[in-house]
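Spelled out from the first residue to the last, the chains are:
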Amino acid sequence: MNGISARQFVIFAAALFMLALFGGSALAAELALEKKVDGITISATLDHDPPAAGKNNAVVKLTDSAGKPLGDAKVIVEYGMEAHGMSSKVAAKFTDGAYKALLDLSMGGDWYIEVKVQQTGGKKVSKARFDVKVK
Ligand SMILES: [Cu+2]
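Just so it is clear, the model here is predicted, and its values are computed rather than measured. (Residues numbered from 1 in each chain as written. Predicted model: local features only at pLDDT ≥ 70, side-chain atom pairs only at ≥ 80, totals over all residues.)

Q: Describe in detail the nonpolar core, supporting the description with residues and values.
A: Residues Ile42, Ala58, Val60, Val75, Val77, Ile113 and Val115 are the most contacted members of the largest nonpolar core, which totals 21 residues. Elements with a contribution of two residues or more to this core: β2 (40-46), β3 (54-63), β4 (74-81), β7 (98-105), β8 (109-118) and β9 (125-134). Excluding anything up to four places from it in sequence, Val77 contacts Ala58, Lys89, Val90, Ala92, Ala101, Leu103, Ile113 and Val115. (Core = buried A, V, L, I, M, F, W, Y, C linked by C-beta atoms within 7 Å. Buried ≥ 20, exposed ≤ 12 C-beta atoms within 10 Å, placed from the backbone. Helix = DSSP H or I, 4+ residues; strand = E, 2+ residues; numbered from the N terminus. Contact = placed C-beta atoms within 7 Å.)

Q: Just give me the short version of the sheet that holds β8, but keep the residues and values in it.
A: Taken together, the four strands give an open sheet; going across it, the order is β5-β4-β8-β9, and neighbouring strands pair in antiparallel fashion. At either margin of the open sheet sits one strand with a lone partner, and together these are β5 (86-91) and β9. Strand after strand, the sheet turns through a mean of 20° between neighbouring axes, direction not considered. Here six bridges tie β4 to β5, and the two strands are oriented antiparallel to one another. Paired with Glu78 across the two strands is Lys89, which belongs to β5. (Pairing = 2+ DSSP bridges. Axes fitted to C-alpha atoms, helices over the stretch in contact; angles between N-to-C directions.)

This is the structure in structure tokens:
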């Protein structure tokens, strides 16, 4: 055996690179959650399905009953593990058409994610709660 040629190596490296670039993102489909509460559709996505233990980006989009995006609400994402008495909350920041927050789902297991929405000028807080299993 005299090893692989430089040409074969380049093809192999390119294939690996493509796999890392496209294969990885195809496997890591995002988790989409959605609930309608008080006439608002609250949809949230997390980077991976299932979410992986550790930091996860949550992207929240809100639309009113007419399907119009709501960009001026106050959005808090609370998350935790009831079984372990763990809970945290973070204010989501509105940028590029969505509310974004970084969630630290620090361990595998059953978590809840509750998105709390308070519309500008309103006192009512609309809540959408989701149960997710973190790997
Ligand atoms: Cu825990």
